[in-house]
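Single-letter residue listing:
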Amino acid sequence: MVAPWDIYAKQLFDQGYGHPLWAPEPSHHFGEVRIGDVGYISEGRFIFLFRSTLPQGDSTFEIPTASIHVPPNEIAQDLLTSQSMHSVSASGQAGISGNVAEACLRYKCTQQAGALLLLKDSGHATRLTCHDKIRAYMHAHLSRWYTFATEELGIDVDESEIIFVSGYVKTTVWGEIAFHSRTTDGELVLSGGFVGPPTVGGSGSLAVSLSRCEKPVVFYRTGSYSQCLFLNYHVMKTRLFRSKVMRAAAGPHQLPPSEDPDPDMSISQCPASNTPASKCPVCQTKTRVVSVPLYAIGMNVMITGCQPT
């Protein structure tokens, strides 16, 4: 079965806001995602390694104030859908409002998979524009980030999967839906209120059903507070093969002394300026099963990486 976070990310990536996170909630241990965080993406969530903007000797990343871009109301609409979904009918108000049932939405699905994001409030973005500074910083320090993750923390992860957060889109109350079936032309129906835990075929809150197709499967999630819906980041591509040591470890997130930059590494933004978002080579191909320590997520997880512009 295809994982919901893979369906969701693939179907909403071409909206152009960044990598869609299936699990946008803040970390229980480290709080919400911030600019300058270093980590990786696993099962649709950002896994935190450390915060580069905190004092770390000569390796602290200092954000130029002029490079912080905060576009107003990055996502003003209350509903985002994948290109495979086409509205058939709607009654009531199509969105989230207050705490009562507001709408019944009906969609025809022209592909075997699709995704939808519901917003109560606007999505607010923050992004860095100092791309050259970020590239230089990653060139100088990625090698020890990799050592820190694999040897200090015991995480089985490649250098090419470690990312530097350079932007995000956050909101408060949200609902996410991803689905797939064996056939096309299914019909997805959303009804009820869009606040609170959704149910399949239930009442009182969001009800989701997928019909007129073979073996339909629907996934859904809701949440509130400061949530990171889309993530922007930089990722390093390496030309050298590095072996990985699996060693269970935990402890404070403090980095070892800095090292010289590796000349056989290059920074990549994904998608590239001349590559359509739907053709992102990283998010379509970087998939592998790894294990991470209990403090991070506590189970086998699937890594997927992507660097939106």
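Residues numbered from 1 in each chain as written. Predicted model: local features only at pLDDT ≥ 70, side-chain atom pairs only at ≥ 80, totals over all residues. Heavy atoms only, no water.

## Quick word on helix H2 (residues 131–152)
Working step 1: Approximately 55 degrees is the largest bend angle found in H2, and it occurs at His141.
Working step 2: For H2, the complete set of buried residues consists of Ile134, Tyr137, Met138, His141, Leu142, Ser143, Arg144, Trp145, Tyr146, Phe148, Ala149 and Thr150.
Working step 3: Once H2 finishes, Gly154 follows within two positions and takes phi at roughly 75 degrees, a positive value. (Bend = angle between axes of the 7 residues up to and from the residue. Helix = DSSP H or I, 4+ residues; strand = E, 2+ residues; numbered from the N terminus. Buried < 20%, exposed > 50% of the residue type's maximum accessible area, 1.4 Å probe, protein only.)

## Re the sheet that holds strand S8 (residues 113–119)
Working step 1: The antiparallel open sheet is built from four strands, whose spatial order is S5-S8-S11-S14. Each edge of the open sheet carries a strand with a single partner, namely strand S5 (79–81) and strand S14 (217–223). On average, each strand axis in the sheet is inclined to that of its neighbour by 10 degrees, with strand direction left out of account.
Working step 2: Of the pairings in the sheet, the one linking S8 to strand S11 (residues 174–180) comprises seven bridges and is antiparallel in character. Along S11, the bridge assignment pairs Leu116 with Ile177.
Working step 3: Sheet strands in contact with helix H1 (residues 4–12) are S5, S8, S11 and S14, and its direction is about 80 degrees off that of S8. (Pairing = 2+ DSSP bridges. Axes fitted to C-alpha atoms, helices over the stretch in contact; angles between N-to-C directions. Contact = heavy atoms within 4.5 Å.)

## Let's talk about the nonpolar core
Working step 1: Membership of the largest hydrophobic core comes to 35 residues, with the highest contact counts inside it found for Trp145, Phe164 and Leu231.
Working step 2: When residues of this core are assigned to their parent elements, the largest contribution, eight residues, is made by H2.
Working step 3: By size, the runner-up hydrophobic cluster in this structure holds 20 residues, among which are Tyr8, Leu12, Ala115 and Ala178. (Core = buried A, V, L, I, M, F, W, Y, C linked by side-chain atoms within 4.5 Å.)

## With respect to the packing of aromatic side chains
Working step 1: Summed over all chains, the structure comprises nine aromatic pairs.
Working step 2: The interplanar angle of 80 degrees and the centroid separation of 6.1 Å between the aromatic rings of Phe50 and Phe148 together place this pair among those described as edge-to-face. Here Phe148 lies in helix H2 and Phe50 lies in strand S3 (residues 45–51), a separation of 98 residues in the sequence.
Working step 3: Residue classification places Phe50 among the buried residues on the basis of a relative accessible area of 2%.
Working step 4: An aromatic cluster is built from Phe50, Phe61, Tyr137, Trp145, Phe148 and Phe164, whose rings are joined through pairwise contacts.
Working step 5: Directly above the aromatic system of Tyr168 lies the positively charged group of Lys170, at a separation of 4.2 Å from the ring centroid. (Phe/Tyr/Trp six-rings, centres within 6.5 Å; stacked < 30°, edge-to-face > 60°. Lys NZ or Arg CZ within 6 Å of the ring centre and 35° of its normal.)

## Things to note about the pairing of S3
Working step 1: Counted residue by residue, S3 has six buried out of seven residues, so it is predominantly covered.
Working step 2: One ladder, built from six bridges, connects strand S2 (residues 37–42) with S3; its direction is antiparallel. Residue pairing for S3: Asp37 is matched across the bridge by Arg51.
Working step 3: Where S2 folds back on S3, the antiparallel hairpin that results is connected by two residues, among which Glu43 adopts a positive phi of roughly 50 degrees.

## A look at the pattern of salt bridges
Working step 1: Under the definition given, this model contains seven salt bridges.
Working step 2: Residues Glu25 and Arg221 are paired through a salt bridge, measuring 2.5 Å at the closest nitrogen-oxygen approach. Taken together, the residues Glu25 in the loop between strand S1 (19–20) and S2 and Arg221 in strand S14 connect sequence positions 196 residues apart.
Working step 3: Across the pair Arg135 and Asp132 runs a salt bridge whose closest N-O atoms are separated by 2.8 Å. Residue Arg135 and its partner Asp132 are both found in helix H2; the two are separated by three residues, about one turn of the helix. (Salt bridge = Lys/Arg side-chain N within 4 Å of Asp/Glu carboxyl O.)

## Some details on the side chain of Thr150
Working step 1: Of note, Thr150 is situated in helix H2.
Working step 2: With a relative accessible area of 3%, Thr150 lands in the buried category.
Working step 3: A polar contact is formed between the side chain of Thr150 and the backbone oxygen of Tyr146, at a distance of 2.8 Å. (Polar contact = N/O pair within 3.5 Å; in protein donor to acceptor, adjacent residues only side chain to side chain.)

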